[in-house]
Amino acid sequence: MKTTFTKIALSASIAVALVSPNAQAQEPIWDGNTVVLQSEKLNDNVFAVYPTNAAELGKKGGAAATSGGFIVGDKGVLMIETMLNQRLNKQAQDLIAAQTKKPIIYAVNTSAHGDHSYGNMYLPKGVKIIQHANTSAYIGAHFKADTDFMLQNFGKGRGIEQIKPTPADILVGTNSTVTIDLGNKKVDIMDFGFAQTGGDLMVWDAADKVMWTGNAIITNKPALPWLLDGHLIETLETFKKIYAFLPADARIVPGHGVVMGREDIKWHIDYLTTIKTQVADAIAQGLTLEQTVEKVKMPEYRGYVLFDWVHPKLNVPAAYKDLTKPAVK
Ligand SMILES: [Zn+2]
């Protein structure tokens, strides 16, 4: 636990110290005051929730707001992601109310990121919040730094100033699964390993073959993973594990886009595999980090609007750090 905590504490400082995409610009990555959410029925009682412009933005490599969803069981509703602010949390709750009179009884935050968890404080009383144990520890120790980072990237006056942390009721540990019984339906809340923050949960509805991945999978091609906290190699292994776990006809609700298929994960796996190979070559040639960033340009992945941030500033350095780290056995 101590090790994990230290690692997470370190991650937070890295995230805040990074030159984030909009550090200079005042424009948010997306605007929590204007985003409109909609739901899509995936099966009886199973819904994805995503922004109305997510399909269009995703196709052109733009950045859409948070996706989530909900599953309605006999006992009540499990909500996935509580969104950035009161406005978006209310929209997500209203989309649930439009489908069922049953109460929300569980809410899952797939990570500590504010756009997935800040809405916790606006949930009805009695809703049980589910988080990864590392997410809970991170929020407990770094909430101020986290909201500062979010304000920088999502702007003032978007409801972030008002947010107070809401403690989780159910924690999922590393390499663990917690199964939630909704009466007629069981939902697995799973840790597959480090996927972006070290506190990453996947929500798996086995009966309907639907998985919510949170930010680990941002969205379809041409979007790319954001390795805000490093760990390219572990992330790649986690993606491969998820791919191997999913049945061929599984549907995926990513962190910031419309519903995808299992094969769509390959784009992300291929991207990370290519970085890993090219950075290993650069290291073998004795290049420094700066020289490696200069060399490993991978222009075939430039279609993503945030490429110039996530690729040279996050993902290549993460690979370089991982591959130059002394082996621990
Ligand atoms: Zn997100």
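Scroll up to find the structure this text is about.
Model, not experiment: these values are computed from the prediction.

J.: Account for the pattern of salt bridges, with residues named and values stated.
T.: Within this structure, the stated rule accounts for 15 salt bridges. Among the salt bridges present, the one from Arg158 reaches Asp31, with a minimum N-O distance of 2.9 Å. With Arg158 in the loop between helix 5 (133–154) and strand 7 (170–172) and Asp31 in the loop between helix 1 (2–17) and strand 1 (37–43), the pair connects residues that are 127 residues apart, well separated along the chain. Three or more residues joined by partner-sharing salt bridges are found here, namely Lys75, Asp181 and Lys186.

J.: Would you mind going over the pairing of strand 4 (residues 77–80) in detail, with residue names and values included?
T.: The side chains of a regular strand alternate, first on one face of the sheet and then on the other. Burial along strand 4 is two-sided: Val77 and Met79 and Leu78 and Ile80, pointing in opposite directions, are all buried. Note that strand 3 (residues 68–72) and strand 4 share four bridges and pair antiparallel. Across the sheet, Phe70 pairs through a bridge with Met79, a residue of strand 4. Joining the antiparallel neighbours strand 3 and strand 4 is a turn of four residues, in which Gly76 adopts a positive phi near 155°. In the sheet, strand 4 pairs with strand 5 (residues 104–108) via four bridges, with the strands oriented parallel. If you follow Ile80 over to strand 5, its bridge partner there is Val108. The parallel pair strand 4 and strand 5 is bridged by helix 3 (residues 86–97), and the resulting crossover is right-handed.

How each quantity is defined
Within any chain, residue numbers begin from 1 and follow the written order of that chain's sequence. Given that the model is predicted, a residue must reach a pLDDT of at least 70 before its local features are reported, and side-chain atom pairs must reach 80 or more before they are shown or counted; all residues, however, enter totals for whole chains, interfaces and linings. Side-chain figures throughout are based on the complete set of non-hydrogen atoms in the structure, without hydrogens or water. Salt bridges are identified by distance alone: a Lys or Arg side-chain nitrogen within 4 Å of an Asp or Glu carboxyl oxygen. Helix and strand labels come from DSSP, where a helix needs a run of H or I of at least four residues and a strand needs a run of E of at least two; each type is numbered from the N terminus. For the exposure calls, accessible area comes from a 1.4 Å probe over protein chains only, and a residue counts as buried if that area is under 20% of its type's maximum, exposed if over 50%, partly exposed in between. Two strands qualify as a pair provided DSSP detects at least 2 bridges between them. Look down the strands so they point away from you; if the path from the first strand over the helix to the second goes clockwise, the crossover is right-handed.

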